[in-house]
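Secondary and tertiary structure notes
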Amino acid sequence: MRYEGNIYRPPSEWQSYILQVTIGCSHNACTFCGMFKDKKYRVRQLSEVLEDIDMAKSYYGSVDQIFLCDGDAISLDTKDLLKILHKIKRVFPDIKEIATYASPKGTLKKSKEELELLREAGLTKAYLGVESGDDRVLKATHKGVNVAQMTEAGRVLVDANIELYAIILVGLAGKEGSKENARLTAKIINDIKPQHLAAMTYMPVPDTPMYKDLQEGKFTVLTEKECLQETKWLVEGLDRFHMHFNSSHASNYLPIDGDIYSEKDKIINILNEALQHDITNLNKSYRAL
Ligand code: SF4
């Protein structure tokens, strides 16, 4: 298989064949993110991508899931993305899932009709880095959109019937803004109503602008307990609707997995207990609900 540079995928795509359709991220400006800082964004030659699909067929025989990378394959021209999806369907007629990262700006460039066409052609899942529901945080981290635009990006994906994984970063507002960040992030998630909410924890990445802020004392990373407290405030603010909540990313201190509609109280109880005890022991006890 042919890949350029480091490749990233969401943890839930661990079984997917990774197909690189863009190099890097078209935005590449978020101050906390170092994933594609070494890459200059470009769209990969369509002929190469189509060849890779044939190569995957000879190598794997069949695949059930494909993840389109790098940063936001959704920013590709719709015609080209459709050609890729059609080719995947021809080569792997039994494919079950095709997923991509979806940057908010890349998503908003597509009309509802285009997104529906992509869904019909097989794009079943999108991962949207919502990060925070606080306009001040989105602005400070150079996310490139405000809360209203982020909400719109999430809503159009859900409305196009593309299964949405919203990703948020606990701790992105630092200590001072933690409670408000949790409240507003719960609000944006209630407004978008994704099927999945992946809560990750902000971890400083060397050579990023936020890392510099941290070194200069302009930002404070939350402690373990402060992260759990922010997560608790967040979960408390979530409306009861069917949404799979997951905090089992390696960046998190306490892996929790559950449905917000039926298990919200249970999740809050676990967080309450964790806040009263030694977290190291709780990691063993509450690996999952
Ligand atoms: S849009 Fe995503 S991949 Fe691109 S810089 Fe921001 S966080 Fe990183």
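This is a predicted model, so every value here is computed, not measured.

1. Thoughts on the pattern of salt bridges
- Summed over the entire model, instances satisfying the criterion amount to 21 salt bridges.
- Across the pair Glu-116 and Lys-112 runs a salt bridge, and its minimum N-O distance is 2.7 Å. Note that Glu-116 and Lys-112 are positioned in helix H4 (residues 112-120) at a spacing of 4 residues, about one turn of the helix.
- By relative accessible area, which is 38% here, Lys-112 ends up partly exposed.
- Through salt bridges with shared partners, a single network forms among Arg-2, Arg-44, Glu-48, Glu-51 and Asp-52.

2. Some words on helix H1 (residues 46-60)
- Counted at 1.5 Å a residue, the expected span for H1 with its 15 residues is 21 Å, and the 21 Å between its end C-alpha atoms agrees.
- Following H1 by one or two positions, Gly-61 has its phi on the positive side, about 80°.

3. Re the nonpolar core
- With 67 residues, the main nonpolar core has Leu-19, Leu-68 and Ile-88 as its most contacted residues.
- Sorting elements by how many residues they give to this core places helix H10 (residues 260-276) first, with 7 residues.
- Other than its neighbours up to four places away in sequence, Leu-68 contacts Leu-19, Val-21, Ala-73, Leu-81, Ile-88, Ile-98, Ala-99, Thr-100, Tyr-101 and Leu-123.
- Formed by 10 residues, the second largest nonpolar core is a distinct cluster that contains Cys-33, Leu-169, Tyr-202 and Phe-219.

4. Concerning the environment of Val-91
- Note on placement: Val-91 falls in helix H2 (residues 78-91).
- Here the alpha-carbon distance between Val-91 and Gly-61, two residues 30 residues apart in the chain, equals 9.7 Å.
- Residues within four places of Val-91 in sequence aside, it is in contact with Ile-53, Asp-54 and Lys-57.

5. Observations concerning the site of the ligand
- All residues adjacent to the ligand are Cys-25, Asn-28, Ala-29, Cys-30, Phe-32, Cys-33, Met-35, Phe-36 and Lys-143.
- Classifying every residue of the shell around the ligand by side-chain character gives 7 nonpolar, 1 polar and 1 charged.

6. Here we look at unusual backbone geometry
- Looking along the chain, the bond that leaves Cys-69 and enters Asp-70 is cis, with omega of 15°.
- Turning to its location among the elements, Asp-70 is positioned in the loop between strand S4 (65-69) and H2.
- At Asn-161, a position not held by glycine, the phi torsion is positive, near 70°.
- Structurally, the position occupied by Asn-161 is in the loop between helix H6 (147-159) and strand S7 (163-170).

7. Structural notes on the environment of Glu-4
- Mapping Glu-4 onto the fold places it in the segment before strand S1 (17-20).
- Residue classification places Glu-4 among the partly exposed residues on the basis of a relative accessible area of 37%.
- With 20 residues separating them along the chain, Glu-4 and Gly-24 place their C-alpha atoms 9.2 Å apart.
- Dropping the residues within four chain positions of it, Glu-4 is found in contact with Gln-20, Ile-23, Lys-39 and Arg-42.

8. Considerations on the UniProt feature "domain: Radical SAM core" (unreviewed entry) in the protein
- When the UniProt feature table is mapped onto this chain numbering, "domain: Radical SAM core" (unreviewed entry) sits at residues 11-239.
- In the segment residues 11-239, helix accounts for 43% and strand for 17%; the C-alpha atoms at its two ends are 26 Å apart.

9. Focus on the pairing of S7
- Of all 8 residues in S7, 7 are buried; the element is thus mostly enclosed.
- Of the pairings in the sheet, the one linking strand S6 (residues 125-131) to S7 comprises 6 bridges and is parallel in character. The partner of Lys-125 across the bridge, within S7, is Glu-163.
- With 6 bridges joining them, S7 and strand S8 (residues 196-201) adopt parallel strand pairing. From the neighbouring strand, Ala-166 faces S8, where its bridge partner is Leu-197.
- In this view, the connection linking S7 to its parallel neighbour S8 by way of helix H7 (residues 178-192) has right-handed handedness.

Cut-offs used in this document
- Residues numbered from 1 in each chain as written.
- Predicted model: local features only at pLDDT ≥ 70, side-chain atom pairs only at ≥ 80, totals over all residues.
- Heavy atoms only, no water.
- Salt bridge = Lys/Arg side-chain N within 4 Å of Asp/Glu carboxyl O.
- Helix = DSSP H or I, 4+ residues; strand = E, 2+ residues; numbered from the N terminus.
- Buried < 20%, exposed > 50% of the residue type's maximum accessible area, 1.4 Å probe, protein only.
- Expected span 1.5 Å × (residues − 1).
- Core = buried A, V, L, I, M, F, W, Y, C linked by side-chain atoms within 4.5 Å.
- Contact = heavy atoms within 4.5 Å.
- Near = heavy atom within 4 Å.
- Nonpolar A, V, L, I, M, F, W, Y, C, P; charged D, E, K, R; others polar.
- UniProt positions renumbered as here; feature names shortened; annotations may be inferred.
- Pairing = 2+ DSSP bridges.
- Right-handed = clockwise from strand over helix to strand, strands pointing away.

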